[in-house]
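# Structure at a glance
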Amino acid sequence: MSHYDVIVIGLGGMGSAAAYRLAQRGQRVLGLDQFAPVHNLGSSHGGSRVTRQAYFEDPAYVPLLLRAHELWAGIERDSGRKIFTRCGGIMLGGPDSRTVSGSLASAREWDLPHEILDASEVRRRFPTMRPEDHEIALYEENAGFVVPEGSVAAHLQLAARAGADLHYEEKVLSWQQTSTGVRVGTAQNFYTAEQLVICPGAWAPRLLTELGIEFTVERQIQYWFAPSGGAGPFRAERHPIYVWEGEHGRQFYGFPSHDDAGSVKVAFFRGGETCTPETIDRTVHAEEIGGISEFVGRKMPSLPGGFLRAATCMYTNTPDEHFVISRHPTHDRVVVACGFSGHGFKFVPVVGEVLADLVVDGTTDHPIALFDPARLTGVAR
Ligand SMILES: Cc1cc2nc3c(=O)[nH]c(=O)nc-3n(C[C@H](O)[C@H](O)[C@H](O)COP(=O)(O)OP(=O)(O)OC[C@H]3O[C@@H](n4cnc5c(N)ncnc54)[C@H](O)[C@@H]3O)c2cc1C
(Lines give C-alpha, C1' and ligand atoms only; values in the text may rest on other atoms or scores of the structure.)
Protein backbone atom coordinates (compact mmCIF):
# COMPACT_ATOMS: atom_id res chain seq x y z
CA MET A 1 0.00 0.00 0.00
CA SER A 2 1.54 3.34 -1.07
CA HIS A 3 1.35 6.41 1.16
CA TYR A 4 1.06 9.96 -0.22
CA ASP A 5 0.77 13.48 1.13
CA VAL A 6 -2.46 13.97 -0.79
CA ILE A 7 -4.74 11.98 -3.07
CA VAL A 8 -6.86 13.79 -5.67
CA ILE A 9 -10.00 11.94 -6.77
CA GLY A 10 -11.12 13.04 -10.25
CA LEU A 11 -8.69 14.38 -12.87
CA GLY A 12 -11.12 16.42 -14.96
CA GLY A 13 -11.19 20.21 -15.17
CA MET A 14 -10.73 20.91 -11.46
CA GLY A 15 -8.82 17.83 -10.32
CA SER A 16 -6.15 18.18 -13.02
CA ALA A 17 -5.47 21.75 -11.82
CA ALA A 18 -5.43 20.66 -8.17
CA ALA A 19 -2.97 17.83 -8.89
CA TYR A 20 -0.65 20.26 -10.66
CA ARG A 21 -0.71 23.00 -8.01
CA LEU A 22 -0.23 20.47 -5.20
CA ALA A 23 2.72 18.77 -6.91
CA GLN A 24 4.20 22.17 -7.71
CA ARG A 25 4.12 22.98 -4.01
CA GLY A 26 6.15 19.90 -3.15
CA GLN A 27 3.34 17.54 -2.15
CA ARG A 28 3.62 13.83 -3.01
CA VAL A 29 0.42 13.54 -5.06
CA LEU A 30 -1.61 10.59 -6.31
CA GLY A 31 -4.30 11.50 -8.84
CA LEU A 32 -7.02 8.95 -9.66
CA ASP A 33 -9.59 8.96 -12.45
CA GLN A 34 -12.02 6.27 -13.53
CA PHE A 35 -11.52 7.14 -17.22
CA ALA A 36 -8.66 7.82 -19.66
CA PRO A 37 -7.13 11.33 -19.57
CA VAL A 38 -9.11 14.09 -21.36
CA HIS A 39 -12.27 12.02 -21.83
CA ASN A 40 -15.69 13.21 -23.00
CA LEU A 41 -17.91 11.50 -20.42
CA GLY A 42 -18.01 14.23 -17.75
CA SER A 43 -18.22 18.02 -17.93
CA SER A 44 -14.92 19.17 -19.48
CA HIS A 45 -15.16 18.53 -23.22
CA GLY A 46 -16.57 20.17 -26.34
CA GLY A 47 -13.69 22.36 -27.54
CA SER A 48 -14.65 25.69 -25.92
CA ARG A 49 -15.79 27.32 -22.68
CA VAL A 50 -16.83 30.94 -22.25
CA THR A 51 -14.72 33.09 -19.97
CA ARG A 52 -15.75 36.59 -18.93
CA GLN A 53 -15.11 38.90 -15.99
CA ALA A 54 -18.19 41.15 -15.72
CA TYR A 55 -19.95 38.32 -13.93
CA PHE A 56 -23.74 38.53 -13.77
CA GLU A 57 -23.91 35.57 -11.37
CA ASP A 58 -22.33 37.62 -8.52
CA PRO A 59 -19.59 40.26 -8.25
CA ALA A 60 -17.90 38.06 -5.61
CA TYR A 61 -16.55 35.91 -8.46
CA VAL A 62 -14.66 38.77 -10.11
CA PRO A 63 -11.35 38.67 -8.16
CA LEU A 64 -11.14 34.95 -8.87
CA LEU A 65 -11.63 35.62 -12.57
CA LEU A 66 -8.93 38.28 -12.62
CA ARG A 67 -6.55 35.72 -11.08
CA ALA A 68 -7.69 32.94 -13.44
CA HIS A 69 -6.84 35.08 -16.45
CA GLU A 70 -3.31 35.63 -15.11
CA LEU A 71 -2.92 31.92 -14.47
CA TRP A 72 -4.04 30.78 -17.95
CA ALA A 73 -1.13 32.73 -19.40
CA GLY A 74 1.33 30.85 -17.15
CA ILE A 75 -0.21 27.47 -17.98
CA GLU A 76 0.07 28.23 -21.70
CA ARG A 77 3.70 29.28 -21.33
CA ASP A 78 4.71 26.29 -19.19
CA SER A 79 2.83 23.65 -21.21
CA GLY A 80 3.39 25.10 -24.69
CA ARG A 81 -0.36 24.77 -25.42
CA LYS A 82 -2.79 27.45 -26.64
CA ILE A 83 -5.76 27.47 -24.25
CA PHE A 84 -7.19 31.01 -23.97
CA THR A 85 -8.38 33.19 -26.87
CA ARG A 86 -9.29 36.75 -25.96
CA CYS A 87 -11.88 37.63 -28.59
CA GLY A 88 -14.12 39.91 -26.51
CA GLY A 89 -17.56 39.09 -25.19
CA ILE A 90 -21.05 40.53 -25.42
CA MET A 91 -23.86 40.11 -22.86
CA LEU A 92 -27.20 40.81 -24.51
CA GLY A 93 -30.80 41.20 -23.44
CA GLY A 94 -33.32 43.68 -22.10
CA PRO A 95 -31.79 46.42 -19.91
CA ASP A 96 -33.31 44.78 -16.82
CA SER A 97 -32.32 41.23 -17.73
CA ARG A 98 -29.99 39.51 -15.29
CA THR A 99 -27.47 38.99 -18.08
CA VAL A 100 -27.15 42.72 -18.78
CA SER A 101 -27.88 44.32 -15.42
CA GLY A 102 -25.87 41.75 -13.43
CA SER A 103 -22.86 42.05 -15.74
CA LEU A 104 -23.02 45.82 -15.48
CA ALA A 105 -23.17 45.71 -11.66
CA SER A 106 -20.03 43.54 -11.58
CA ALA A 107 -18.22 45.73 -14.11
CA ARG A 108 -18.99 48.87 -12.09
CA GLU A 109 -18.14 47.36 -8.73
CA TRP A 110 -14.74 46.14 -9.95
CA ASP A 111 -14.06 48.92 -12.43
CA LEU A 112 -13.75 46.45 -15.32
CA PRO A 113 -13.28 47.86 -18.84
CA HIS A 114 -16.64 47.66 -20.65
CA GLU A 115 -18.92 49.44 -23.11
CA ILE A 116 -22.70 49.62 -23.29
CA LEU A 117 -24.04 49.24 -26.82
CA ASP A 118 -27.58 49.90 -28.02
CA ALA A 119 -29.25 47.53 -30.46
CA SER A 120 -28.24 49.42 -33.59
CA GLU A 121 -24.62 49.60 -32.45
CA VAL A 122 -24.64 45.84 -31.81
CA ARG A 123 -26.04 45.23 -35.31
CA ARG A 124 -23.39 47.52 -36.81
CA ARG A 125 -20.40 46.02 -34.98
CA PHE A 126 -21.50 42.40 -34.99
CA PRO A 127 -23.62 41.90 -38.11
CA THR A 128 -24.37 38.26 -37.26
CA MET A 129 -26.59 39.46 -34.39
CA ARG A 130 -30.11 40.87 -34.73
CA PRO A 131 -31.13 42.21 -31.33
CA GLU A 132 -34.56 43.78 -30.99
CA ASP A 133 -34.69 47.57 -30.60
CA HIS A 134 -35.28 47.44 -26.84
CA GLU A 135 -32.29 45.15 -26.20
CA ILE A 136 -28.89 46.43 -25.15
CA ALA A 137 -25.50 44.84 -24.57
CA LEU A 138 -22.47 45.04 -22.36
CA TYR A 139 -19.30 44.51 -24.37
CA GLU A 140 -16.19 43.34 -22.54
CA GLU A 141 -12.86 43.19 -24.36
CA ASN A 142 -11.23 40.83 -21.83
CA ALA A 143 -13.75 38.04 -22.38
CA GLY A 144 -13.08 35.09 -24.65
CA PHE A 145 -12.94 31.33 -24.54
CA VAL A 146 -10.73 28.55 -23.25
CA VAL A 147 -10.29 25.05 -24.67
CA PRO A 148 -11.25 22.58 -21.93
CA GLU A 149 -9.42 19.58 -23.38
CA GLY A 150 -6.28 21.71 -23.75
CA SER A 151 -6.57 22.85 -20.14
CA VAL A 152 -6.99 19.31 -18.77
CA ALA A 153 -4.11 18.00 -20.92
CA ALA A 154 -1.84 20.91 -19.93
CA HIS A 155 -2.54 20.57 -16.20
CA LEU A 156 -2.01 16.79 -16.30
CA GLN A 157 1.22 17.24 -18.25
CA LEU A 158 2.49 19.82 -15.74
CA ALA A 159 1.34 17.71 -12.77
CA ALA A 160 3.27 14.68 -14.08
CA ARG A 161 6.31 16.85 -14.74
CA ALA A 162 6.15 18.12 -11.15
CA GLY A 163 6.20 14.51 -9.89
CA ALA A 164 2.52 13.57 -9.41
CA ASP A 165 1.56 9.90 -9.86
CA LEU A 166 -1.49 9.89 -12.11
CA HIS A 167 -3.55 6.72 -12.42
CA TYR A 168 -6.24 6.49 -15.09
CA GLU A 169 -9.00 3.94 -15.57
CA GLU A 170 -8.89 3.32 -11.83
CA LYS A 171 -12.28 3.92 -10.27
CA VAL A 172 -12.53 4.96 -6.63
CA LEU A 173 -15.03 2.77 -4.82
CA SER A 174 -14.64 4.12 -1.28
CA TRP A 175 -12.86 6.73 0.84
CA GLN A 176 -12.59 7.15 4.60
CA GLN A 177 -10.90 9.41 7.07
CA THR A 178 -9.04 7.28 9.64
CA SER A 179 -7.41 8.25 12.93
CA THR A 180 -4.10 8.85 11.12
CA GLY A 181 -5.05 10.04 7.64
CA VAL A 182 -7.28 9.03 4.75
CA ARG A 183 -7.73 5.71 2.98
CA VAL A 184 -8.97 5.32 -0.60
CA GLY A 185 -10.09 2.04 -2.12
CA THR A 186 -10.19 1.58 -5.89
CA ALA A 187 -11.17 -1.34 -8.06
CA GLN A 188 -7.45 -2.25 -8.14
CA ASN A 189 -5.85 -1.14 -4.86
CA PHE A 190 -5.88 0.69 -1.51
CA TYR A 191 -3.94 3.92 -0.90
CA THR A 192 -3.37 6.09 2.16
CA ALA A 193 -2.49 9.76 2.46
CA GLU A 194 -2.42 12.65 4.89
CA GLN A 195 -5.21 14.49 3.04
CA LEU A 196 -7.76 14.00 0.29
CA VAL A 197 -9.10 16.33 -2.40
CA ILE A 198 -12.35 15.29 -4.12
CA CYS A 199 -13.23 16.85 -7.52
CA PRO A 200 -15.97 14.47 -8.67
CA GLY A 201 -17.89 16.52 -11.26
CA ALA A 202 -21.24 14.85 -11.96
CA TRP A 203 -20.35 11.95 -9.66
CA ALA A 204 -20.71 14.26 -6.60
CA PRO A 205 -24.02 12.71 -5.48
CA ARG A 206 -22.24 9.37 -5.28
CA LEU A 207 -18.85 10.35 -3.77
CA LEU A 208 -20.07 13.18 -1.54
CA THR A 209 -23.42 11.90 -0.25
CA GLU A 210 -22.46 12.86 3.29
CA LEU A 211 -22.20 16.56 2.38
CA GLY A 212 -25.98 16.61 2.48
CA ILE A 213 -26.29 18.89 -0.55
CA GLU A 214 -29.01 18.28 -3.07
CA PHE A 215 -27.08 18.23 -6.36
CA THR A 216 -29.04 18.11 -9.60
CA VAL A 217 -27.16 16.70 -12.57
CA GLU A 218 -28.48 18.20 -15.79
CA ARG A 219 -28.08 16.98 -19.38
CA GLN A 220 -26.80 19.71 -21.68
CA ILE A 221 -26.23 19.78 -25.43
CA GLN A 222 -23.52 21.58 -27.41
CA TYR A 223 -24.36 22.09 -31.12
CA TRP A 224 -22.08 22.90 -34.04
CA PHE A 225 -23.41 24.51 -37.22
CA ALA A 226 -21.97 25.64 -40.54
CA PRO A 227 -23.47 29.14 -40.94
CA SER A 228 -25.23 29.91 -44.20
CA GLY A 229 -22.91 32.25 -46.09
CA GLY A 230 -19.84 30.69 -44.49
CA ALA A 231 -18.00 31.11 -41.20
CA GLY A 232 -16.12 34.28 -42.22
CA PRO A 233 -18.18 36.75 -40.13
CA PHE A 234 -17.92 34.33 -37.18
CA ARG A 235 -14.11 34.05 -37.13
CA ALA A 236 -12.54 34.83 -33.75
CA GLU A 237 -10.77 37.91 -35.13
CA ARG A 238 -14.20 39.47 -35.76
CA HIS A 239 -16.66 37.74 -33.50
CA PRO A 240 -17.04 37.76 -29.71
CA ILE A 241 -18.36 35.11 -27.36
CA TYR A 242 -21.89 36.00 -26.26
CA VAL A 243 -24.55 35.23 -23.68
CA TRP A 244 -27.99 36.33 -24.86
CA GLU A 245 -31.06 36.39 -22.63
CA GLY A 246 -34.29 36.02 -24.52
CA GLU A 247 -37.93 35.67 -23.51
CA HIS A 248 -38.68 34.25 -20.03
CA GLY A 249 -35.05 34.60 -18.96
CA ARG A 250 -33.94 31.85 -21.34
CA GLN A 251 -30.24 32.27 -22.11
CA PHE A 252 -28.23 30.90 -24.99
CA TYR A 253 -24.57 31.41 -25.62
CA GLY A 254 -21.99 30.77 -28.27
CA PHE A 255 -18.53 31.13 -29.65
CA PRO A 256 -16.70 32.39 -32.68
CA SER A 257 -15.48 29.87 -35.22
CA HIS A 258 -11.99 28.69 -34.30
CA ASP A 259 -11.40 25.50 -36.24
CA ASP A 260 -10.29 24.87 -39.81
CA ALA A 261 -13.68 23.37 -40.66
CA GLY A 262 -15.45 26.69 -39.98
CA SER A 263 -17.88 25.22 -37.48
CA VAL A 264 -19.67 27.48 -35.00
CA LYS A 265 -20.81 26.26 -31.59
CA VAL A 266 -23.98 27.38 -29.83
CA ALA A 267 -25.94 26.07 -26.83
CA PHE A 268 -28.73 26.82 -24.41
CA PHE A 269 -27.61 27.74 -20.90
CA ARG A 270 -29.55 25.43 -18.51
CA GLY A 271 -33.04 24.01 -19.02
CA GLY A 272 -31.80 20.44 -19.59
CA GLU A 273 -33.30 17.21 -18.32
CA THR A 274 -32.26 15.87 -14.93
CA CYS A 275 -30.06 12.80 -15.29
CA THR A 276 -27.18 10.87 -13.74
CA PRO A 277 -23.86 9.92 -15.36
CA GLU A 278 -25.35 6.43 -15.78
CA THR A 279 -28.75 7.39 -17.18
CA ILE A 280 -27.88 10.39 -19.40
CA ASP A 281 -29.24 10.04 -22.95
CA ARG A 282 -26.15 10.77 -25.06
CA THR A 283 -28.10 10.74 -28.31
CA VAL A 284 -29.13 14.18 -29.57
CA HIS A 285 -32.54 14.02 -31.22
CA ALA A 286 -33.83 15.69 -34.39
CA GLU A 287 -36.43 17.72 -32.48
CA GLU A 288 -33.70 19.14 -30.22
CA ILE A 289 -31.66 20.22 -33.24
CA GLY A 290 -34.79 21.70 -34.82
CA GLY A 291 -35.65 23.53 -31.60
CA ILE A 292 -32.35 25.32 -31.23
CA SER A 293 -32.17 26.09 -34.95
CA GLU A 294 -35.54 27.81 -34.80
CA PHE A 295 -34.79 29.74 -31.57
CA VAL A 296 -31.30 30.89 -32.48
CA GLY A 297 -32.26 31.58 -36.08
CA ARG A 298 -34.57 34.37 -34.91
CA LYS A 299 -31.64 36.17 -33.26
CA MET A 300 -28.72 35.18 -35.49
CA PRO A 301 -30.31 34.28 -38.84
CA SER A 302 -27.20 32.97 -40.60
CA LEU A 303 -25.96 30.83 -37.70
CA PRO A 304 -28.06 27.66 -37.91
CA GLY A 305 -27.22 27.02 -41.57
CA GLY A 306 -26.17 23.39 -41.85
CA PHE A 307 -26.19 21.18 -38.79
CA LEU A 308 -22.79 19.52 -38.27
CA ARG A 309 -22.84 17.67 -34.97
CA ALA A 310 -23.87 17.76 -31.31
CA ALA A 311 -22.53 16.40 -28.04
CA THR A 312 -24.02 16.00 -24.60
CA CYS A 313 -22.37 17.13 -21.36
CA MET A 314 -23.44 17.41 -17.71
CA TYR A 315 -23.93 20.32 -15.32
CA THR A 316 -23.84 19.53 -11.58
CA ASN A 317 -26.06 22.17 -10.01
CA THR A 318 -26.33 23.22 -6.39
CA PRO A 319 -29.68 24.69 -5.28
CA ASP A 320 -28.37 28.28 -5.57
CA GLU A 321 -26.05 27.59 -8.54
CA HIS A 322 -22.97 28.76 -6.62
CA PHE A 323 -19.95 26.45 -6.24
CA VAL A 324 -18.93 24.36 -3.24
CA ILE A 325 -15.20 24.73 -2.45
CA SER A 326 -14.35 23.97 1.13
CA ARG A 327 -12.92 21.67 3.72
CA HIS A 328 -15.42 18.84 4.25
CA PRO A 329 -17.70 19.86 7.13
CA THR A 330 -17.32 16.55 8.98
CA HIS A 331 -13.92 15.23 7.75
CA ASP A 332 -11.13 17.71 8.41
CA ARG A 333 -8.56 15.96 6.21
CA VAL A 334 -10.81 16.19 3.15
CA VAL A 335 -11.25 19.16 0.79
CA VAL A 336 -14.04 19.24 -1.80
CA ALA A 337 -14.63 21.17 -5.05
CA CYS A 338 -17.97 20.40 -6.66
CA GLY A 339 -21.35 21.73 -7.74
CA PHE A 340 -19.89 24.01 -10.42
CA SER A 341 -23.43 24.47 -11.76
CA GLY A 342 -22.52 24.89 -15.43
CA HIS A 343 -20.17 27.84 -15.02
CA GLY A 344 -16.99 26.47 -13.47
CA PHE A 345 -14.52 26.06 -16.27
CA LYS A 346 -13.38 29.66 -16.48
CA PHE A 347 -12.18 29.29 -12.85
CA VAL A 348 -10.15 26.09 -13.32
CA PRO A 349 -6.64 27.43 -12.71
CA VAL A 350 -7.64 29.49 -9.68
CA VAL A 351 -9.63 26.58 -8.21
CA GLY A 352 -6.41 24.55 -8.46
CA GLU A 353 -4.59 27.27 -6.57
CA VAL A 354 -7.32 27.51 -3.89
CA LEU A 355 -7.34 23.73 -3.35
CA ALA A 356 -3.54 23.65 -2.98
CA ASP A 357 -3.78 26.51 -0.44
CA LEU A 358 -6.43 24.65 1.58
CA VAL A 359 -4.33 21.46 1.66
CA VAL A 360 -0.88 22.97 2.23
CA ASP A 361 -1.68 26.09 4.29
CA GLY A 362 -5.05 25.09 5.74
CA THR A 363 -6.54 28.35 4.46
CA THR A 364 -6.53 30.58 1.37
CA ASP A 365 -6.33 34.32 0.71
CA HIS A 366 -8.71 33.93 -2.23
CA PRO A 367 -12.30 35.02 -1.47
CA ILE A 368 -14.28 31.77 -1.28
CA ALA A 369 -16.85 32.57 1.41
CA LEU A 370 -19.65 32.29 -1.17
CA PHE A 371 -18.73 28.62 -1.73
CA ASP A 372 -19.11 27.43 1.87
CA PRO A 373 -21.48 24.42 1.93
CA ALA A 374 -22.93 25.64 5.25
CA ARG A 375 -25.09 28.07 3.24
CA LEU A 376 -26.91 25.05 1.80
CA THR A 377 -26.90 22.61 4.69
CA GLY A 378 -27.02 24.90 7.71
CA VAL A 379 -24.20 22.78 9.20
CA ALA A 380 -21.35 25.05 10.24
CA ARG A 381 -17.83 23.71 10.30
C1 LIG B 1 -22.17 21.85 -22.19
C2 LIG B 1 -21.38 22.54 -21.13
C3 LIG B 1 -20.99 23.85 -21.34
C4 LIG B 1 -20.30 24.54 -20.37
N5 LIG B 1 -19.91 25.81 -20.64
C6 LIG B 1 -19.18 26.49 -19.75
C7 LIG B 1 -18.67 27.75 -20.09
O8 LIG B 1 -18.88 28.24 -21.20
N9 LIG B 1 -17.92 28.40 -19.17
C10 LIG B 1 -17.66 27.86 -17.95
O11 LIG B 1 -16.97 28.52 -17.15
N12 LIG B 1 -18.11 26.64 -17.60
C13 LIG B 1 -18.85 25.94 -18.48
N14 LIG B 1 -19.31 24.68 -18.18
C15 LIG B 1 -19.06 24.13 -16.85
C16 LIG B 1 -17.67 23.54 -16.70
O17 LIG B 1 -17.28 22.88 -17.88
C18 LIG B 1 -17.68 22.62 -15.49
O19 LIG B 1 -18.03 23.39 -14.35
C20 LIG B 1 -16.34 21.95 -15.26
O21 LIG B 1 -15.91 21.28 -16.42
C22 LIG B 1 -16.44 20.97 -14.11
O23 LIG B 1 -15.19 20.34 -13.90
P24 LIG B 1 -15.07 19.14 -12.87
O25 LIG B 1 -13.64 18.88 -12.66
O26 LIG B 1 -15.93 19.45 -11.68
O27 LIG B 1 -15.79 17.91 -13.60
P28 LIG B 1 -15.16 16.87 -14.66
O29 LIG B 1 -14.25 17.56 -15.58
O30 LIG B 1 -16.27 16.07 -15.21
O31 LIG B 1 -14.24 15.95 -13.76
C32 LIG B 1 -14.72 15.05 -12.79
C33 LIG B 1 -13.82 13.81 -12.87
O34 LIG B 1 -14.03 12.97 -11.75
C35 LIG B 1 -13.87 11.65 -12.20
N36 LIG B 1 -14.51 10.75 -11.25
C37 LIG B 1 -15.77 10.84 -10.76
N38 LIG B 1 -16.03 9.82 -9.93
C39 LIG B 1 -14.90 9.06 -9.87
C40 LIG B 1 -14.54 7.85 -9.20
N41 LIG B 1 -15.41 7.20 -8.41
N42 LIG B 1 -13.30 7.36 -9.37
C43 LIG B 1 -12.41 8.00 -10.17
N44 LIG B 1 -12.70 9.12 -10.86
C45 LIG B 1 -13.93 9.65 -10.71
C46 LIG B 1 -14.54 11.66 -13.55
O47 LIG B 1 -14.18 10.55 -14.35
C48 LIG B 1 -14.08 12.99 -14.12
O49 LIG B 1 -12.91 12.86 -14.88
C50 LIG B 1 -19.98 23.92 -19.14
C51 LIG B 1 -20.35 22.60 -18.91
C52 LIG B 1 -21.02 21.91 -19.91
C53 LIG B 1 -21.41 20.48 -19.64
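Definitions and limits used
Residues numbered from 1 in each chain as written. Predicted model: local features only at pLDDT ≥ 70, side-chain atom pairs only at ≥ 80, totals over all residues. Heavy atoms only, no water. UniProt positions renumbered as here; feature names shortened; annotations may be inferred. 1 Å grid on protein atoms, 1.4 Å probe; cavity = no way out; pocket = protein on both sides within 12 Å on 5 of 7 lines; lining within 4 Å. Points joined across faces, edges and corners; volume = space filled by probe spheres on them. Helix = DSSP H or I, 4+ residues; strand = E, 2+ residues; numbered from the N terminus. Nonpolar A, V, L, I, M, F, W, Y, C, P; charged D, E, K, R; others polar. Core = buried A, V, L, I, M, F, W, Y, C linked by side-chain atoms within 4.5 Å. Buried < 20%, exposed > 50% of the residue type's maximum accessible area, 1.4 Å probe, protein only. Domains from an automatic or database assignment. Contact = heavy atoms within 4.5 Å. pLDDT = per-residue confidence, 0-100. Pairing = 2+ DSSP bridges.

In the nomenclature of an unreviewed UniProt entry, the chain is known as Sarcosine oxidase of Amycolatopsis umgeniensis. Comment text from UniProt for the chain, heading Cofactor (unreviewed entry), reads "FAD".

## Things to note about the layout of surface pockets
Estimated volume of the second largest pocket: approximately 250 Å³. Forming the boundary of the second largest pocket are 14 residues, of which I221, Y223, R250, F268 and G271 lie nearest the centre. Looking at the lining of the second largest pocket, the elements that each hand over two or more residues are β13 (216-226) and α7 (286-299). Class assignment of the residues belonging to the lining of the second largest pocket gives a composition of five nonpolar, four polar and five charged.

## Quick look at the nonpolar core
Core analysis: the biggest nonpolar cluster contains 67 residues, and L22, V197, I325, F347 and L355 have the highest contact counts within it. Residue contributions to this core peak at eight residues, all from helix α8 (residues 348-360). Looking at which domains feed residues into this core, each of domain 1 (3-44 + 149-211 + 321-376) and domain 2 (78-144 + 216-317) supplies at least three. Each residue touching V197, except ones within four places of it in the same chain, is listed here: V6, I7, V8, I9, A18, L22, V335, L355 and V359.

## So, the confidence of the model for the chain
In this model, the chain carries an average pLDDT of 97, and 99% of its residues clear a pLDDT of 70 or more. In the model of the chain, helix α9 (residues 374-377) stands out as the element of lowest mean pLDDT, 94, in contrast to helix α1 (residues 13-24), which has the highest, 99.

## Some details on the pairing of strand β7 (residues 136-140)
With respect to burial, β7 is a largely interior element, four of its five residues being buried. Alignment of strand β5 (residues 89-93) against β7, held across five bridges, turns out to be antiparallel. Each residue of the ladder has a partner; that of M91, found in β7, is L138. Across four bridges, the pairing between strand β6 (residues 115-118) and β7 is antiparallel. For I116, the partnering residue across the bridge sits in β7 and is L138.

## Observations regarding the side chain of H239
Tracing the sequence through the fold places H239 in the loop between β13 and β14 (241-245). Given a relative accessible area of 2%, H239 falls into the buried group. The residues touching H239, leaving out its near neighbours within four places in the chain, are C87, T128, M129, P233, F234, P256 and M300.

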